[in-house]
Amino acid sequence: MGDDAADAAGASGSADSRTGTDATATAFDGGGAFVPYLAVGDPTYEASLEYVEALARGGADLIELGLPFSEPMAEGPTIQGAVTRALEAGMTPDRFFEFVSELDVDVPLVCMTYYNLIYQYGSSDGPRSFVERAAEVGLEGFVVPDLPAEEAGPLREACDEFGLDLIFIVAPTTRGDRLERMMERVSGYVYVQARLGATGAREDVSDQTGESLERLADWEIPKAVGFGIKTGEHAERIAAAGADGIIVGSALVDIVAEGHEDDRPVEETADRLAEKARELKAGATRGAESLPEPEHP
């Protein structure tokens with residue numbers, strides 16, 4: 001952690017007084033939270049509904065729903081393929097909101113998308129119309145990979161107005177003033193990027209994970225680690241390193257892509273997703289249970 005960020009953290013001991021929605025933060029109670037990601041509408045609207053609901057059945061504590069954008073940043077070929085399939089199947093912001101309304105799940109839902117879609121939606125009031133609609137359909141917050149904390153004021157204000165969270169992605173290189181600005185504006189949880197580069201399932205766990213978690217330790221907000229998590233063993237190791245949760249996208253999108261390419265029944269792919277979800281959730285739980293009990297003064 002940079003010295004200036006560390007000083008600020010020591011002074012406040014929290015991300016800010018912002019709380020957003022209780023549902024988002026409480027998804028991480030007890031540690032070992034499993035946060036899956038899927039691109040909504042991949043490969044079709046109807047199949048995607050079943051796939052997201054399968055993740056909830058498999059033990060998801062919170063689900064990140066990707067609203068596809070034609071020019072995603074930091075996404076590897078797996079997520080890019082999902083985005084392309086969803087867009088070709090007709091996914092739009094309005095269809096996305098319809099999708100969220102139709103989902104039958106009992107876990108918090110967060111929208112991951114790009115600021116252009118948020119800003120251009122609805123009227124000329126910037127991000128407010130999008131945030132208002134998101135609140136109406138029951139979303140709990142946003143992850144916006146291309147929105148710098150320095151430019152997040154209008155979206156943060158809209159989120160405050162409608163009681164939604166704004167989650168930032170903290171990279172291994174995020175330090176000093178930039179880290180402090182993120183932590184002043186974040187609510188819900190922090191998405192801790194486990195490694196540099198694009199998204200994608202990997203065969204190992206990055207050694208940058210522990211360093212990133214240590215850098216954020218003084219801020220009292222859940223930390224969820226993503227980028228590269230593929231197996232229950234990976235999930236266990238990351239939770240044991242102190243993460244409050246794990247975020248998994250590409251390993252799940254791979255299952256969707258395989259089902260689509262092999263023309264498998266939707267029910268079969270949904271079962272595979274639920275099985276993988278159970279594996280990842282169990283790993284995260286084991287990792288959280290291996291940590292020593294916190295000391296209380």
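Note that the structure is predicted; figures quoted are calculated from it, not measured. (Residues numbered from 1 in each chain as written. Predicted model: local features only at pLDDT ≥ 70, side-chain atom pairs only at ≥ 80, totals over all residues. Heavy atoms only, no water.)

### Quick look at the packing of helix 4 (residues 77-88) against helix 12 (residues 250-261)
When two helices pack together, their arrangement is given by the angle between the helix axes and the distance between those axes.
Right, so step 1: Contact pair helix 4 / helix 12: the axes reach a minimum separation of 9 Å and the direction vectors enclose 50°. As the angle between them shows, helix 4 and helix 12 are arranged oblique. Considering only the axes of helix 4 and helix 12, their crossing is left-handed. Along its contact with helix 4, which presents T78, I79, A82 and R85, the element helix 12 presents S250, V253, D254, A257 and H260.
Right, so step 2: Looking at the contact of helix 4 with helix 12 residue by residue, the classes come out as 4 nonpolar, 3 polar and 2 charged. (Axes fitted to C-alpha atoms, helices over the stretch in contact; angles between N-to-C directions. Helix = DSSP H or I, 4+ residues; strand = E, 2+ residues; numbered from the N terminus. Parallel < 35°, antiparallel > 145°, perpendicular 65-115°, else oblique. Left-handed = near helix turned anticlockwise from the far one by under 90°. Contact = heavy atoms within 4.5 Å. Nonpolar A, V, L, I, M, F, W, Y, C, P; charged D, E, K, R; others polar.)

### Considering the side chain of T269
Right, so step 1: By the secondary structure assignment, T269 is in helix 13 (residues 266-289).
Right, so step 2: Those residues in contact with T269 that sit more than four places away from it in its chain are Y51, I255, V256, G259 and R264.

### Here we look at unusual backbone geometry
Right, so step 1: The residue after D42, namely P43, is reached through a cis peptide bond having omega -5°.
Right, so step 2: Unusually for a residue other than glycine, D263 sits at a positive phi of about 55°.
Right, so step 3: Assignment of secondary structure puts D263 in the loop between helix 12 and helix 13.
Right, so step 4: By relative accessible area, D263 is classed as exposed at 68%. (Buried < 20%, exposed > 50% of the residue type's maximum accessible area, 1.4 Å probe, protein only.)

### Things to note about the layout of surface pockets
Right, so step 1: For the largest pocket, the calculated volume is near 630 Å³.
Right, so step 2: Contributing to the lining of the largest pocket are 25 residues, with G31, G242, A243, D244 and L291 lying nearest its centre.
Right, so step 3: Among the elements of the structure, helix 10 (208-215) and helix 13 are those that each provide at least two residues to the lining of the largest pocket.
Right, so step 4: Looking at the lining of the largest pocket, the element that brings in the most residues is helix 10, giving 3 residues. (1 Å grid on protein atoms, 1.4 Å probe; cavity = no way out; pocket = protein on both sides within 12 Å on 5 of 7 lines; lining within 4 Å. Points joined across faces, edges and corners; volume = space filled by probe spheres on them.)

### A short note on the confidence of the model for the protein chain
Right, so step 1: With 86% of its residues at a pLDDT of at least 70, the protein chain reaches an overall mean of 88.
Right, so step 2: Between residues 1-17, whose pLDDT stays under 50, and residues either more than four places distant or in other chains, the model counts 33 contacts. (pLDDT = per-residue confidence, 0-100.)

### A word on helix 10
Right, so step 1: Among the residues of helix 10, those classed as buried are T209, S212, L213 and R215. Seen end-on, helix 10 carries its buried residues on one side only, within an arc spanning 160°.
Right, so step 2: Lining the buried residues of helix 10 we find strand 6 (169-170), helix 9 (176-185), strand 7 (190-193), strand 8 (223-226) and helix 11 (232-240). (Arc of directions from axis to C-beta.)

### Here we look at the packing of helix 12 against helix 13
Right, so step 1: Running from N to C, helix 12 and helix 13 point in directions that differ by 165°, and their axes come no closer than 10 Å. One element, helix 12, and the other, helix 13, form an angle in the roughly antiparallel class. The interaxial crossing formed by helix 12 with helix 13 has right-handed handedness. For the pair helix 12 and helix 13, contact is made by L252, I255, V256, E258 and G259 and by T269, R272, L273, K276 and L280, respectively.
Right, so step 2: Within the contact of helix 12 with helix 13, the residues separate by chemical class into 5 nonpolar, 2 polar and 3 charged.

### A short note on the environment of E71
Right, so step 1: Along the chain, the position of E71 falls in the loop between strand 2 (63-66) and helix 4.
Right, so step 2: We classify E71 as exposed; its relative accessible area is 58%.
Right, so step 3: Sequence-wise, E71 and T84 are 13 residues apart; in three dimensions their C-alpha atoms are separated by 9.9 Å.

### Section: the packing of aromatic side chains
How two aromatic rings sit relative to each other is given by the distance of their centres and the angle of their planes.
Right, so step 1: Inspection of the entire model under this criterion finds 10 aromatic pairs.
Right, so step 2: A centroid spacing of 5.8 Å and a plane angle of 65° characterise the contact between F96 and F97, whose relative ring orientation is edge-to-face.
Right, so step 3: By relative accessible area, F96 is classed as buried at 0%.
Right, so step 4: The exposure class of F97 is buried, given its relative accessible area of 0%.
Right, so step 5: Pairing F97 with F130 gives two aromatic rings, centres 5.0 Å apart and planes at 55°, and the pair type is tilted. With F97 in helix 5 (residues 93-102) and F130 in helix 7 (residues 128-137), the pair connects residues that are 33 residues apart, well separated along the chain.
Right, so step 6: The class for F130 is buried, based on a relative accessible area of 0%.
Right, so step 7: Among the aromatic residues, those joined into a ring-pair cluster are F96, F97, Y121, F130 and F142.
Right, so step 8: Here R95 stacks its cationic end above the ring of Y45, 4.0 Å away from the centre of that ring. (Phe/Tyr/Trp six-rings, centres within 6.5 Å; stacked < 30°, edge-to-face > 60°. Lys NZ or Arg CZ within 6 Å of the ring centre and 35° of its normal.)

### So, the pairing of strand 7
Each regular strand displays side chains that alternate between the two surfaces of the sheet.
Right, so step 1: Of the two faces of strand 7, both are covered, the one formed by V190 and V192 as well as the one formed by Y191 and Q193.
Right, so step 2: Of the strand pairs in this sheet, strand 6 and strand 7 are connected by 2 bridges, and their pairing is parallel. The residue bridging V170 from the neighbouring strand is V192, located in strand 7.
Right, so step 3: With 4 bridges joining them, strand 7 and strand 8 adopt parallel strand pairing. By the bridge assignment, Y191 is partnered in strand 8 with A224. (Pairing = 2+ DSSP bridges.)

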